[in-house]
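Coordinates in review
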Amino acid sequence: MKIAVVFGGISFEHEISIVSSIAMKDVLKNELIYIFVDKNRELYEIPSSKINSKLFSSGEYSKFDRVYFKKDGFYKVAGLFKKEQNIDFDIVLNLSHGGDGEDGILASMFDFYNIPFVGPRTEACVVSSNKFITKGYAQSVDVKTLSYKYFTKNDKIEIDEFPAIIKPVKLGSSIGVAIVKTKEELSYALDVAFEFDDAIIVEPFISGVKEYNLAGTKIAGEFVFSIIEEPQKADFLDFDKKYLDFSRTSKAKEVDLGEKLNKEIKDSFKNLYNTLFEGSIIRCDFFVVDNEVYLNEINSIPGSMANYLFEDFQTTFEKLVKNLPKKKFIPINYDYVNKIQVAKGK
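Residues numbered from 1 in each chain as written. Predicted model: local features only at pLDDT ≥ 70, side-chain atom pairs only at ≥ 80, totals over all residues. Heavy atoms only, no water.

With that out of the way, let us pick up the overall build of the protein chain. Within the protein chain one finds 10 helices and 16 strands. For 346 residues, the compact-globule formula gives about 20 Å, and the C-alpha radius of gyration of the protein chain, at 22 Å, lands near that figure. Projected onto its principal axes, the C-alpha coordinates of the protein chain cover approximately 65 × 60 × 45 Å. When each of the 346 residues of the protein chain is scored for burial, the buried share is 51%. (Helix = DSSP H or I, 4+ residues; strand = E, 2+ residues; numbered from the N terminus. Rg over C-alpha atoms; globule rule 2.2 N^0.38 Å. Buried < 20%, exposed > 50% of the residue type's maximum accessible area, 1.4 Å probe, protein only.)

And the structure:
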């Protein structure tokens, strides 16, 4: 099986996507074809044997073949006679973290051009890429969330209790996130958050709260779970700590929370994944407060696909590829238009 890894894109997590994608060479045994989306949304095919992080920071990636979308796949003009060639692959792996990859833009392109892919579909991206919408979705499927307030840039922002945590609504990897311990610290934290987004959510900050990560997917109607991991962290996982996680390939250590909490975390994951995230491998991060499970966030394209949480990621991935959701066929036969023409006598 040949896998086209699509990465990069216009995103604050552009560089993380590069690191995460390179790491997949040590994760998947399949032949990998790398398709890079640069800051101008131009696409390039990067040979697997040539890929390294410096290639992108130096701009040298542009010496490789330009790629473009076409029905059923990717194409390029290459070779001695500069002929159009299709790029041979079996499945796309969407590894563009943040904007473009996780907000639905690339998912819509794959669907439009009839390209099979592993990753969240457009509607799943809409839910998981916006923390405000994620909160509402979680509550609608009976998954608890911490209390929160939603503000836009022009709102008068008042916070009643400190410490609090400020989060840009549409960003991951803890970018722009700050813990505010006093009212005097609020102004600066807001300035930082609004540099990245025009909306924020404010949550109570609970010092020492336990966080647990669970990844999984659904294959032929059955859930496949990873281990449950307790990430090692200080007050919270900041950008630098999460950045290192995106290149992880070594296995994580499993934590056993007991029958009750293990089941509640898995049940919460099932409720969140539902049918919305079919076709993707996601990671959900949960808090446990007073023996109750709360959703922190849904990672629809987790760093390095959360491979380090699975006992056998290779097998899980290959089984998912064989069980991707099918698009519903919509017949277009112009019956309505034809009836109108008949009625008009034309």
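Let's shift gears to the confidence of the model for the protein chain. On average, residues of the protein chain carry a pLDDT of 91, and 94% of them reach 70 or more. Within the model, the stretch residues 239-243 combines pLDDT values under 50 with 11 contacts to residues more than four positions away or in other chains. (pLDDT = per-residue confidence, 0-100. Contact = heavy atoms within 4.5 Å.)

Here we come to the pairing of strand 10 (residues 164-168). Across the 5 residues of strand 10, 5 count as buried, placing the element largely inside the fold. Side chains Ala164, Ile166 and Pro168 project from strand 10 onto one buried face, and the interleaved Ile165 and Lys167 project onto a second face that is buried too. With 3 bridges joining them, strand 10 and strand 11 (residues 178-180) adopt antiparallel strand pairing. Residue Ala164 lies in a different strand from strand 11, and its bridge partner there is Val180. Here strand 10 pairs with strand 12 (residues 199-204) via 5 bridges, running antiparallel. In the sheet register, Ala164 faces strand 12, and the bridge partner there is Pro204. (Pairing = 2+ DSSP bridges.)

Turning next to the packing of aromatic side chains. Within the structure shown, the criterion is met by 25 aromatic pairs. Centroid distance Phe7 to Phe36: 5.3 Å. Interplanar angle 40°. Geometry classified as tilted. Of this pair, Phe7 sits in strand 1 (residues 2-8) while Phe36 sits in strand 2 (residues 31-37), and the two are 29 residues apart along the sequence. On the basis of relative accessible area, Phe7 is assigned to the buried category, the value being 0%. For the ring pair Phe132 and Tyr150, a centre distance of 4.1 Å and an interplane angle of 25° mean the geometry is stacked. One end of the pair, Phe132, is in helix 5 (residues 131-140); the other, Tyr150, is in strand 9 (residues 149-152), with 18 residues separating them in the sequence. With a relative accessible area of 34%, Tyr150 lands in the partly exposed category. Three or more aromatic residues joined by ring pairs form one cluster here, namely Phe69, Phe74, Phe89, Phe110, Phe112, Tyr113 and Phe117. A cation sits over an aromatic face here: Lys70 above Tyr75, 5.3 Å from the ring centre. (Phe/Tyr/Trp six-rings, centres within 6.5 Å; stacked < 30°, edge-to-face > 60°. Lys NZ or Arg CZ within 6 Å of the ring centre and 35° of its normal.)

Counting 37 residues, the largest nonpolar core has Met24, Leu28, Ile46, Phe56, Leu93, Phe313 and Phe317 as the members making the most contacts within it. For this core, the secondary structure elements donating two or more residues are strand 1, strand 2, strand 3 (43-46), helix 2 (54-57), strand 7 (91-94), strand 13 (210-219) and helix 9 (313-321). In terms of residue count, the dominant contributor to this core is helix 9 (4 residues). Domain assignment of the residues forming this core places at least three in each of domain 1 (2-118) and domain 2 (126-144 + 208-322). Contact partners of Met24, with chain neighbours within four places excluded, come to Leu32, Tyr34, Leu93, Leu95, Ser304, Met305 and Phe313. Tyr137, Tyr212, Leu261 and Val293 belong to the second largest nonpolar core, which has 25 residues in total. (Core = buried A, V, L, I, M, F, W, Y, C linked by side-chain atoms within 4.5 Å. Domains from an automatic or database assignment.)

The residue after Phe162, namely Pro163, is reached through a cis peptide bond having omega 0°. On the secondary structure map, Pro163 appears in the loop between strand 9 and strand 10. The phi angle at Asp72 is positive, at roughly 75°, despite the residue not being glycine. For Asp72, a relative accessible area of 44% gives the class partly exposed. A positive phi angle, close to 50°, is found at Asp290, a residue other than glycine. As for its position among the elements, Asp290 is in the loop between strand 15 (282-289) and strand 16 (292-299). Owing to a relative accessible area of 72%, Asp290 belongs among the exposed residues under this scheme.

Taken together, the 4 strands give an open sheet; going across it, the order is 9-12-10-11, and neighbouring strands pair in antiparallel fashion. Across the chains shown, the open sheet's two edge strands, defined by having one partner strand only, are strand 9 and strand 11. Each strand axis lies, on average, 30° off the axis of its neighbour in the sheet, ignoring direction. In the sheet, strand 9 pairs with strand 12 via 4 bridges, with the strands oriented antiparallel. (Axes fitted to C-alpha atoms, helices over the stretch in contact; angles between N-to-C directions.)

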